[in-house]
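Inside the fold
Here is what each chain is made of, one letter per residue.
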Amino acid sequence: MQTAKAMGSIPSHTDVFVHSGVVSRVEGHSVTVTLDQNVHCESCRAKGACGVSDGAAKQIQIDDPTKTYTRDQPVRVVLKKGLGHKAVAWAYVFPFLLMTGTLILGSALFEEWLAGVLSLAVLVPYFTGVYALKGYFRKTFKASLQSL
């Protein structure tokens, strides 16, 4: 069996990211999982730029009406790689392109300082729109749980 991307040390298919964690809260059909600290982060050269390696505990909320989980139960969080790439695009790539495009266009039309302010200000409506579409994103970026 092949191993998943180095987010966890749990064997899986190569088309998914797998990370181990512990159920920290169960409310109805919503399960909150606290992700384990990644043991691979210590030796990684990119850990300063990665959000996974900082010391704060990461939590993810997953809607799963079909299974019964209890608090402190060890689980695996599984996300398809394609969805991970889409999430990176929405969170980093699209805002970067929007900000850069606004800066280039603004530099041609306005003074430098105003172009800079506009390029930062354009992120406010972008992330407001992303927040307004959070229901869509919850349905699209659906992670699944597996008991250990």
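These remarks concern the structure in this document. Residue indices begin from 1 for each chain and proceed along its sequence in written order. For this predicted model, a pLDDT threshold of at least 70 governs which residues receive local features, and a threshold of 80 or more governs which side-chain atom pairs are given and counted, while totals over whole chains, interfaces and linings are taken from all residues. Side-chain measures were taken over the full set of non-hydrogen atoms in the model, leaving aside hydrogen atoms and water.

**Thoughts on the overall build of the protein**
Counted only if it meets this: Helix and strand assignments come from DSSP, with helices taken as H or I runs of at least 4 residues and strands as E runs of at least 2, each series counted from the N terminus. Any residue under 20% of the maximum accessible area for its type is buried, any over 50% is exposed, and the rest in between are partly exposed; the area is computed with a 1.4 Å probe on protein chains only.
For the protein, the count of helices and strands is four helices and five strands. Evaluated residue by residue, the protein yields a buried proportion of 27% over its 148 residues.

**Overview of the side chain of threonine 32**
The following threshold applies: Contacts are assigned to residue pairs that have any heavy atoms within 4.5 Å of one another.
Positionally, threonine 32 belongs in strand S2 (residues 30-35). According to the relative accessible area criterion, threonine 32 is buried, its value standing at 5%. The residues touching threonine 32, leaving out its near neighbours within four places in the chain, are Val22, Val23, Ser24, Arg25, Gln59, Ile60 and Gln61.

**Points about the sheet that holds strand S3 (residues 58-63)**
The test is simple: Two strands are counted as paired when DSSP detects at least two bridges linking them. For helices, the fitted line uses only the C-alpha atoms of the stretch in contact; every axis is such a line through C-alpha atoms, and the angle between N-to-C directions lies from 0 to 180 degrees.
Strand order across the open sheet formed by five strands is S3-S2-S1-S4-S5, with antiparallel pairing between neighbours. If you trace the sheet from one side to the other, it starts and ends with S3 and strand S5 (144-147), each paired once. Going across the sheet, the axis of each strand differs from the next one's by a mean of 45°, ignoring polarity. For strand S4 (residues 74-80) and S5, the ladder comprises four bridges, and the chain directions are antiparallel.

**Here's the deal with a nonpolar patch on the surface**
Selection criterion: Here a patch means residues that are over 30% exposed by relative accessible area and free of salt bridges, tied together within 9 Å if like-charged and within 5 Å if nonpolar (Val, Leu, Ile, Met, Phe, Trp, Tyr). Values of accessible area rely on a 1.4 Å probe in the Shrake-Rupley scheme; residue burial ignores everything except the protein chains shown. The salt bridge definition used is simple: a Lys or Arg side-chain nitrogen within 4 Å of an Asp or Glu carboxyl oxygen.
On the surface, Val88, Trp90, Tyr92, Val93, Phe94, Phe96 and Leu97 cluster together into a nonpolar patch covering about 700 Å² of accessible area. Tracing the backbone shows leucine 97 in helix H1 (residues 81-109). A relative accessible area of 52% means that leucine 97 is categorised as exposed.

**Quick notes on the nonpolar core**
As a rule of thumb, nonpolar side chains are buried together in soluble globular proteins. The condition is simple: Definition used in this section: a nonpolar core is a set of buried Ala, Val, Leu, Ile, Met, Phe, Trp, Tyr and Cys residues joined via side-chain atoms within 4.5 Å.
Residues Val23, Val31, Val33, Ile62, Tyr69, Val75, Val77, Ala143 and Leu145 constitute the largest nonpolar core, which totals nine residues. Listing elements by their share of this core, those giving two or more residues are S2 and S4. Leaving out residues up to four positions away in the same chain, alanine 143 has contacts with Ile60, Ile62, Val77, Val78 and Leu79.

**Overview of the pairing of S2**
Of all six residues making up S2, five are buried, and the element is well covered by its neighbours. In this structure, S2 lies alongside S3, joined through six bridges in antiparallel fashion. Across the sheet, residue valine 33 finds its bridge partner in S3, namely isoleucine 60.

**A short note on the pairing of S4**
Judged from the seven bridges that link them, strand S1 (residues 16-27) and S4 form a sheet pairing that is antiparallel. In the sheet register, valine 18 faces S4, and the bridge partner there is valine 78.

**Some points on the pattern of salt bridges**
Per the stated rule, a full pass over the model turns up one salt bridge. Here arginine 25 makes a salt bridge to glutamate 27, at a shortest N to O gap of 3.5 Å. With relative accessibility at 43%, the residue arginine 25 sits in the partly exposed group.

**Let's talk about the packing of aromatic side chains**
Selection criterion: A pair of aromatic rings is counted whenever rings of Phe, Tyr or Trp (Trp by its six-membered ring) have centres within 6.5 Å, and the orientation is called stacked for planes under 30 degrees apart, edge-to-face for over 60 and tilted otherwise.
What the rule picks out here adds up to five aromatic pairs. Following the ring pairs from residue to residue traces out a cluster consisting of Trp90, Phe94, Tyr136, Phe137 and Phe141.

**Some details on the environment of glutamate 111**
Selection criterion: We call two N or O atoms a polar contact when they sit within 3.5 Å, provided that within protein one can donate a hydrogen and the other can accept it, with sequence-adjacent residues counted only if both atoms are side-chain atoms.
Topologically, glutamate 111 is positioned in the loop between H1 and helix H2 (112-121). A polar contact is formed between the side chain of glutamate 111 and the side chain of tryptophan 113, at a distance of 3.1 Å.

**Quick word on unusual backbone geometry**
You will see that aspartate 72, though not glycine, has its phi angle at about 70°, which is positive. Along the chain, the position of aspartate 72 falls in the loop between S3 and S4.

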